[in-house]
Amino acid sequence: MLDFTIPQLLLVEPETILADLTAFRLELLGYGIETVSEGGEAQDLLRRKQFDLMIVDTKLPEGDGIEWLTELRLETKPETLPVLMFSLDPSLETVRRAFLAGAQDYLVTPFDPTVLESKVQVLLNGSESPVGA
């Protein structure tokens, strides 16, 4: 008997090329993925559908993705929706802010697709301490 329950991911990424490449890679790995370009769209989807993981960029059209995540965490707890934060910014301060806002992991873009795969697998398996990435 086949298992039709595949992890559902929500990608909040305003950069079209990055969103398309990320979604394509994750679909190839067998994940279900929905992509939106702004936080408001993501919140609407989160009210209607359950996701196993959310990927959010630090830069959203309506402002700072980290601040948006901080507000979202008032409604959605890390145990029910792990978050991987995307960013062009590798600074320790931005990484720290992302974790304080409720992200479980951080990935600097552009990224190695195998690192993305590894981080997604770790977060979906419930571990908050990625190894080697």
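Structure: above.
Residues numbered from 1 in each chain as written. Predicted model: local features only at pLDDT ≥ 70, side-chain atom pairs only at ≥ 80, totals over all residues. Heavy atoms only, no water.

## What about the overall build of the protein?
Per the secondary structure count, the protein includes 5 helices and 7 strands. Here the C-alpha radius of gyration of the protein, 14 Å, is about what a compact globule of 133 residues would show, namely 14 Å. Projected onto its principal axes, the C-alpha coordinates of the protein cover approximately 45 × 35 × 30 Å. When burial is assessed residue by residue, the protein has 44% of its 133 residues classed as buried. In the protein, once contacts between residues fewer than 6 apart in sequence are set aside, the share between residues at least 24 apart is 60%. For the protein, the exposed surface amounts to about 7,400 Å²; the carbon and sulfur share of it is 56%. (Helix = DSSP H or I, 4+ residues; strand = E, 2+ residues; numbered from the N terminus. Rg over C-alpha atoms; globule rule 2.2 N^0.38 Å. Buried < 20%, exposed > 50% of the residue type's maximum accessible area, 1.4 Å probe, protein only. Contact = heavy atoms within 4.5 Å. Areas by Shrake-Rupley, 256 points an atom, 1.4 Å probe, with all protein chains shown as cover.)

## Concerning helix α3 (residues 65-72)
The complete set of buried residues in α3 reads Gly65, Ile66, Trp68, Leu69 and Leu72. Seen along its axis, α3 keeps its buried residues to an arc of 155°; they face one direction. Where α3 is buried, its residues touch α2 (39-48), β3 (53-57), β4 (59-60), β5 (63-64), β6 (83-87) and α4 (92-101). Of the residues flanking the start of α3, the one acting as N-cap is Asp64, its side-chain oxygen 2.7 Å from the backbone nitrogen of Ile66. (Arc of directions from axis to C-beta. Polar contact = N/O pair within 3.5 Å; in protein donor to acceptor, adjacent residues only side chain to side chain.)

## Describing unusual backbone geometry
With an omega of -5°, the peptide bond between Thr109 and Pro110 qualifies as cis. Mapped onto the elements, Pro110 comes out in the loop between β7 (105-108) and α5 (113-124).

## Focus: the pairing of strand β1 (residues 8-12)
Most of β1 is tucked away: 5 of the 5 residues are buried. Here β1 shows a buried face lined by Gln8, Leu10 and Val12 and a second buried face lined by Leu9 and Leu11. Of the strand pairs in this sheet, β1 and strand β2 (residues 32-36) are connected by 5 bridges, and their pairing is parallel. Bridged to Leu9 within β2 is Ile33. Note that the unit made of β1, helix α1 (residues 16-28) and β2 has a crossover that is right-handed. (Pairing = 2+ DSSP bridges. Right-handed = clockwise from strand over helix to strand, strands pointing away.)

## Considerations on the environment of Thr22
Note on placement: Thr22 falls in helix α1. Put simply, Thr22 and Ile55 are 33 residues apart on the chain and 9.9 Å apart in space, counted from C-alpha to C-alpha. Each residue touching Thr22, except ones within four places of it in the same chain, is listed here: Leu11, Phe86, Phe111 and Leu116. Engagement of the side chain of Thr22 in a polar contact is seen with the backbone oxygen of Leu18, the distance being 2.8 Å.

## Here we look at the sheet that holds β7
Strand order in this open sheet of 5 strands is β2-β1-β3-β6-β7, and the pairing throughout is parallel. Every other strand in the sheet has two partners, leaving β2 and β7 as the edge strands with one partner each. Recorded for the sheet is a direction-independent mean angle of 20° between the axes of neighbouring strands. Packed onto the sheet, α3 meets β3 and β6 and runs at close to 145° relative to β3. (Axes fitted to C-alpha atoms, helices over the stretch in contact; angles between N-to-C directions.)

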